[in-house]
Amino acid sequence: MLITELKPRETIESLADGKKVFVINCQGCKEVHFPEKEANELQKEWSEKGIVTGIITTDYICNPENMELRLQAHKEEIEAADVVLVFSCGVGVQTIAGYLEEKKVCAACDTYPLPGFQGVTPLEYKCDQCGECYLNLTGGICPITACSKSLVNGQCGGAKNGKCEVDSEMECGWERIYRRLEQIGRLDVLKCPTQVRNFATDEEVSK
Amino acid sequence: MKITELFERGEFVVSAEVGPPKGFHVEHLLEEAKTYLSGITAVNVTDNQSSVMRLGSLAMCKALKDEGLTPIYQLTCRDRNRIALQSDLLSAAMFGIENLLLLTGDHTKLGDHPQAKPVFDLDSVSLIHAVTELEKGVDLGGNELIGEAPKFAKGAVVSPCSDSVDAQLAKMERKVRAGADYFQTQAVFEPEKFIKFMEKAKQFGKPVQVGIIIPKSAGMAKFMNNNVAGIHVPDEMIEELKKDKEKTKAGITGVEIAARIIKECKPYCQGVHIMALGWESKVPDLLKLAEI
Ligand code: SF4
Ligand code: SF4
């Protein structure tokens, strides 16, 4: 089970600032608490401002078959947007980023853990519910689960032939992140401030 | 003495590396360091290198300092969380150890305690940031230090011949922004690649010491090619080493190769860092051959 919370208002607004936005809401699994009201309010405001090209509200965006068709149906609206903003847990965002390889896909929520089950997690996408979703700084690839050391500030010196130092069968997560950022023209996000992880998330949630 | 002061004066800075033993007698190591390394600027002390448990880096730094050498304290994020790391940094300041090399560290799975918990609470970048904060008199928790704030020369590493050199450059930039003062590189066997790398790294305006490993034999070179990240020994060099027939020339070819690499890289960088891996006795010859 997990809880998603909207990222701070300034963070979300800076993601949408001056851009056309396509919104995807996942209200899927009952295991996830979704900040439905706050998300709706924000999206209503944006719609009034005319910056929203389209909205999908659905369940289980991490279910691959389901999602591919739905994205197809909104193809033009997605194309018209500068950024696809996903209101879901980390798995959902990664699923969408996986489909829309050429698009800038951003997470609007942070994901916190509660004991239990998370979504219909397809094998390739994992989320450890770290509480400070980094996907916006990493092109939609989760650095916590895709990197053996869960590094959040970039690649270590251990990758050889594109593989991780810990497991020669596993692609280096940070090499994937770098390539994805290059592909979507967002290498500039690597210039973000130094990230220091916060392991106090359990307390934050119970506050 | 901070090695940054030497860079500022435009000196070509030479450092070498010693690895503490798996045990607590360090007399022979200190003797060796005094005999072969006292002519150079500074001595790096590795921190449980390759995730193999050994005597601590900080204790060895202190012992070297007492012998009149200038230690560079290597610190990795693998074994300690931010509380222990910051605490050790204050201990280093107390001992008058002023030079640091701040690394993420190899994963525990690579060493002799694969069952151990890999910590990585911080990483190289956030560790550099933590030192920068301590130098301002505050810890990572935002609490003020009592009394004088410590001051260090903050070193970091980069892998110029890595097959993901662009990702490495991006990381280097993050290290600079977090406060890194100088860089030491992974061992270079391909000077052309290093020179290309330096063309791009120049923009950060930080001194770089080229990393050098003396290739002891063709076997060692092949092993590194297959197993060590960011290192590629070209085929011609392996052929050269093969001809050496190892014992007859007692590794002189390896020293010659290393000297050649230093000479080729020297115009493009600000120093050299030698990882002798047990061949400390060859360091004086190497430097002479490289005309340093
Ligand atoms: S960064 Fe990874 S672990 Fe953290 S919330 Fe996002 S997807 Fe989950
Ligand atoms: S090699 Fe890549 S995936 Fe492995 S620990 Fe280093 S940065 Fe992470």
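Above this text you will find the structure in question.
Note that this is a predicted model, so its numbers are computed, not measured.

(A) Highlighting the layout of surface pockets. Here the largest pocket is characterised by a volume of approximately 1400 Å³. Taken together, 50 residues make up the lining of the largest pocket; nearest its centre are B:Ser50, B:Asp106, B:Gln186, B:Val228 and B:Ala229. Every element with two or more residues in the lining of the largest pocket is listed here: strand S3 (71–76), strand S4 (99–103), strand S5 (153–158), helix H6 (165–178), strand S6 (182–187), helix H8 (218–227) and strand S8 (271–275) of chain B. At six residues, the largest contribution of residues to the lining of the largest pocket is made by H8(B). At three residues, the largest contribution of residues to the lining of the second largest pocket is made by helix H1 (residues 9–16) of chain A.

(B) Structural detail: the site of ligand 2. Lining the immediate environment of ligand 2, one finds A:Cys147, A:Ser148, A:Lys149, A:Gln155, A:Cys156, A:Ala159, A:Cys164, A:Glu165, A:Cys172, A:Gly173 and A:Trp174. Its residues assigned to classes, the shell around ligand 2 shows six nonpolar, three polar and two charged.

(C) Structural context of the site of ligand 1. Looking at ligand 1, the residues that line it are A:Gly90, A:Gln94, A:Thr111, A:Cys127, A:Asp128, A:Gln129, A:Cys130, A:Cys133, A:Tyr134, A:Leu135, A:Cys142 and A:Ile144. Its residues assigned to classes, the shell around ligand 1 comprises seven nonpolar, four polar and one charged.

(D) Broad picture of the interface of chain A and chain B. Contact residues are listed per partner, giving 27 residues for chain A and 34 residues for chain B. Where chain A abuts chain B, roughly 2400 Å² becomes buried across the two surfaces, and 49% of that area is made up of carbon and sulfur atoms. When the buried surface of chain A facing chain B is broken down by residue, A:Asn153, A:Gln155 and A:Lys160 rank first, second and third, together holding 24% of it. Run the count over chain A and chain B and you get one salt bridge. With a closest N to O distance of 3.1 Å, B:Glu173 and A:Lys191 form a salt bridge. The tally of links from chain A across to chain B stands at 17 residue pairs in polar contact (both at pLDDT 80 or more).

(E) The sheet that holds strand S7 (residues 208–213) of chain B, seen in detail. Residue and element names in this part refer to chain B. Ordered by their spatial adjacency, eight strands build a closed barrel running S1-S2-S3-S4-S5-S6-S7-S8, and the pairing between neighbours is parallel. Between one strand axis and the next, the sheet turns by 25 degrees as a mean value, whatever way the strands run. Where strand S1 (residues 13–18) and S8 come together, four bridges link them in parallel fashion. Looking at the pairing, Val 14 lines up with Val 272 of S8.

(F) The arrangement of the packing of helix H5 (residues 124–135) of chain B against H6(B) in detail. All names here are of chain B. Taken N-terminus to C-terminus, the directions of H5 and H6 make an angle of 15 degrees; their axes are 8 Å apart at the nearest point. When the axes of H5 and H6 are compared, the pair comes out roughly parallel. The interaxial crossing formed by H5 with H6 has right-handed handedness. Contact residues: H5 offers Ser 124, Val 125, Ile 128, His 129 and Thr 132, while H6 offers Lys 171, Arg 174, Lys 175 and Ala 178. Grouping the constituent residues of the contact of H5 with H6 by class yields three nonpolar, three polar and three charged.

(G) Spotlight on a negative patch on the surface. On the surface, B:Glu192, B:Asp235, B:Glu236 and B:Glu264 cluster together into a negatively charged patch. A residue is classified by how much of its surface remains accessible, and B:Glu236, at 58% relative accessible area, is exposed.

(H) Structural view of the state of the cysteines. Residue and element names in this part refer to chain B. For the coordinates displayed, the defined rule picks out zero disulfides over all chains. Considering cysteine sulfurs only, Cys 269 is the nearest to Cys 265, which forms no disulfide, with 6.0 Å between them. Judged by its relative accessible area of 0%, Cys 265 falls in the buried class.

The rules behind each value
Residues numbered from 1 in each chain as written. Chains lettered and ligands numbered in written order. Predicted model: local features only at pLDDT ≥ 70, side-chain atom pairs only at ≥ 80, totals over all residues. Heavy atoms only, no water. 1 Å grid on protein atoms, 1.4 Å probe; cavity = no way out; pocket = protein on both sides within 12 Å on 5 of 7 lines; lining within 4 Å. Points joined across faces, edges and corners; volume = space filled by probe spheres on them. Helix = DSSP H or I, 4+ residues; strand = E, 2+ residues; numbered from the N terminus. Near = heavy atom within 4 Å. Nonpolar A, V, L, I, M, F, W, Y, C, P; charged D, E, K, R; others polar. Contact = heavy atoms within 4.5 Å. Buried area = accessible area lost by both parts, 1.4 Å probe. Salt bridge = Lys/Arg side-chain N within 4 Å of Asp/Glu carboxyl O. Polar contact = N/O pair within 3.5 Å; in protein donor to acceptor, adjacent residues only side chain to side chain. Pairing = 2+ DSSP bridges. Axes fitted to C-alpha atoms, helices over the stretch in contact; angles between N-to-C directions. Parallel < 35°, antiparallel > 145°, perpendicular 65-115°, else oblique. Left-handed = near helix turned anticlockwise from the far one by under 90°. Patch = residues over 30% accessible without salt bridge, like charges linked within 9 Å, V, L, I, M, F, W, Y side chains within 5 Å. Areas by Shrake-Rupley, 256 points an atom, 1.4 Å probe, with all protein chains shown as cover. Lys, Arg positive; Asp, Glu negative; His and termini not counted. Charge placed at Lys NZ, Arg CZ, Asp CG, Glu CD. Buried < 20%, exposed > 50% of the residue type's maximum accessible area, 1.4 Å probe, protein only. Disulfide = S-S within 2.5 Å.

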